[in-house]
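Here are the chains, one letter per residue:
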Amino acid sequence: GKNVKVIAVAASVDIKANKQSILNDWRAWKPEEVVAMFKLKYDNLKSLSVMLSRFKTELAALKSPPPAEYLKQLALSATEYGAIKKQDRLRRKRGAMSVVVISNADAIVLQALQYITSSNPKLLYAALIVLTGMRPIEIARAAEFSPKLNQTQEHAGWWACQTKFAKRGKRPAAFNPCRDRPFLAPSYLIMRALEIVRRRWPCKKLSSVEVNRKYSTHWQKILTQAYPMLPGLNARLMRRFFACYSWHYFHKGMFIRQDSSTESSLVGYASWVLGHQELDDQIIAYQSLRVDPAPKLELFQLGRALKVPSAKA
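Residues numbered from 1 in each chain as written. Predicted model: local features only at pLDDT ≥ 70, side-chain atom pairs only at ≥ 80, totals over all residues. Heavy atoms only, no water.

*Asks:* Can you break down unusual backbone geometry residue by residue, with the values?
*Replies:* Omega for the bond connecting Asp-292 with Pro-293 falls within 30 degrees of zero, at 10 degrees, which places this linkage in the cis form. Tracing the chain through its elements places Pro-293 in the loop between β5 (289-291) and α14 (299-305). At His-155, a position not held by glycine, the phi torsion is positive, near 55 degrees. (Helix = DSSP H or I, 4+ residues; strand = E, 2+ residues; numbered from the N terminus.)

Okay, structure coming up:
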C-alpha cells in the first residue's frame, strides 16, 4: 500500500539505491513517499531542503521527466521553510557579533591587479574573485554584462551594467534588470578574464549543483595558493571584502537617483553592487568585515597603467 516504500527506506536507509529507483521509474513513487524518504535520511532541515531541491533538478533533467505538478509536490511544508529562514536569520545575527578585520587589503588588491593581466585562467579566476565580488557560479556562467550604462559614472571605464545575476530564478523581470556596478579594475580587463576563464572551465550545460561538485575544490585551491597573505580566504569572504573595499572608491557613484550628490551607505552600496533583490537581513554579513587601515592604493592610476598582450588573449 501507500507506506510500503517508506518502510523499506526506513529499514535500509539506502538513499542512493532508492534515488536511483525513483530516477528509473518515478511513476512508481508518489511525491509524498519521495519526501518521506529524504526526511528519514536528513535530520537537518537545511540539508533536507538542499538535497531535495538537488534531486528535483535531477528528475527534471530526465528524458521523460515528471510533470510540473509532481515536481511541485517535492517540497517541504511552509512551516518547515519558515523554520529554515529563522535559522538563517539567527546565524546572520551571530555572525554580525564577530567582526573580521583585514589589515593587508591593499596587498591583496595589488596582487589581484597583477593577476588580471595574465593569460593564465587560474590567475584570472583568482583576480576575478577579488576584483568583482562575484560568486564562483557567476564567474563560471551566470553573470552577463553590457558596456552601456544606465547613468553617467565617474571613472566609467571601471563600470559595466550587469544584466544577469545568480540566484534570480528563470522568470523574466518586470523591470529593467541592467544594474550599473563597478569593479576594482577596468571593465575591459574583467570581460577579457571572464572569456578566458569560461573557455577553460565550460559550464553552460551544467547545473549549479554540477558546477559546484565538479570545480569548487579546485577553485578553492587556486585561491589558497594565489593569496597566501590571507589564511582562510574563500570566495564568500572575498565577496564581503569586495563590498567593503570598493565602497571606499565608488560609494559616491550614481545608482538609483540621477543626483551627483548621492552617497551610499555601506549596506545600501553592498546590496546594490552585489545584485541583491531586496535590502534585508542578509546584508548584515557585510557589516561584520572591516578593512583597517583604509585603502590607500591609487586605484585608478594603477588601472590605467595595466597592459595586456592582446585584448583577445
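Picking up where we left off.
*Asks:* Can you explain the side chain of Thr-132? Please cite residues and give values.
*Replies:* Tracing the backbone through its elements, the reader meets Thr-132 in helix α8 (residues 121-132). Among the polar contacts listed, one links the side chain of Thr-132 to the backbone oxygen of Leu-128, at a separation of 2.6 Å. There is a polar contact of 3.1 Å between the side chain of Thr-132 and the backbone nitrogen of Met-134. Once you skip the residues sitting within four places of it in the chain, Thr-132 turns out to touch Arg-181, Phe-183, Ile-190 and Phe-242. (Polar contact = N/O pair within 3.5 Å; in protein donor to acceptor, adjacent residues only side chain to side chain. Contact = heavy atoms within 4.5 Å.)

*Asks:* Pulling in residues and values, what's your account of the packing of aromatic side chains?
*Replies:* Both the distance between ring centres and the angle between the ring planes are used here to describe each pair of aromatic rings. Inspection of the entire model under this criterion finds 15 aromatic pairs. Relative to Trp-201, the ring of Tyr-125 has its centre 6.2 Å away and its plane inclined at 70 degrees; by these criteria the two rings are edge-to-face. Of the two residues, Tyr-125 sits in helix α8 while Trp-201 sits in the loop between α10 (187-200) and α11 (208-226), which places them 76 residues apart along the sequence. The pair formed by Tyr-125 and Trp-201 is uniform in burial state, with each residue classed as buried. In this structure an aromatic cluster arises from ring pairing among Trp-158, Trp-159, Phe-241, Tyr-245, Tyr-249, Phe-250 and Phe-300. (Phe/Tyr/Trp six-rings, centres within 6.5 Å; stacked < 30°, edge-to-face > 60°. Buried < 20%, exposed > 50% of the residue type's maximum accessible area, 1.4 Å probe, protein only.)

*Asks:* Quick one: what's the story with the state of the cysteines, residue by residue and with numbers?
*Replies:* Taken as a whole and assessed by the stated rule, the structure comprises 1 disulfide. Two residues, Cys-161 and Cys-178, share a disulfide whose sulfurs are 1.9 Å apart. Of this pair, Cys-161 sits in strand β3 (residues 159-164) while Cys-178 sits in the loop between β3 and β4 (179-182); the two residues are 17 residues apart in sequence, bridging distant segments of the chain. The residues Cys-161 and Cys-178 share a single accessibility class, namely buried. (Disulfide = S-S within 2.5 Å.)

It is worth stressing that arrangement in space is one thing and function is another; only the former is reported here.
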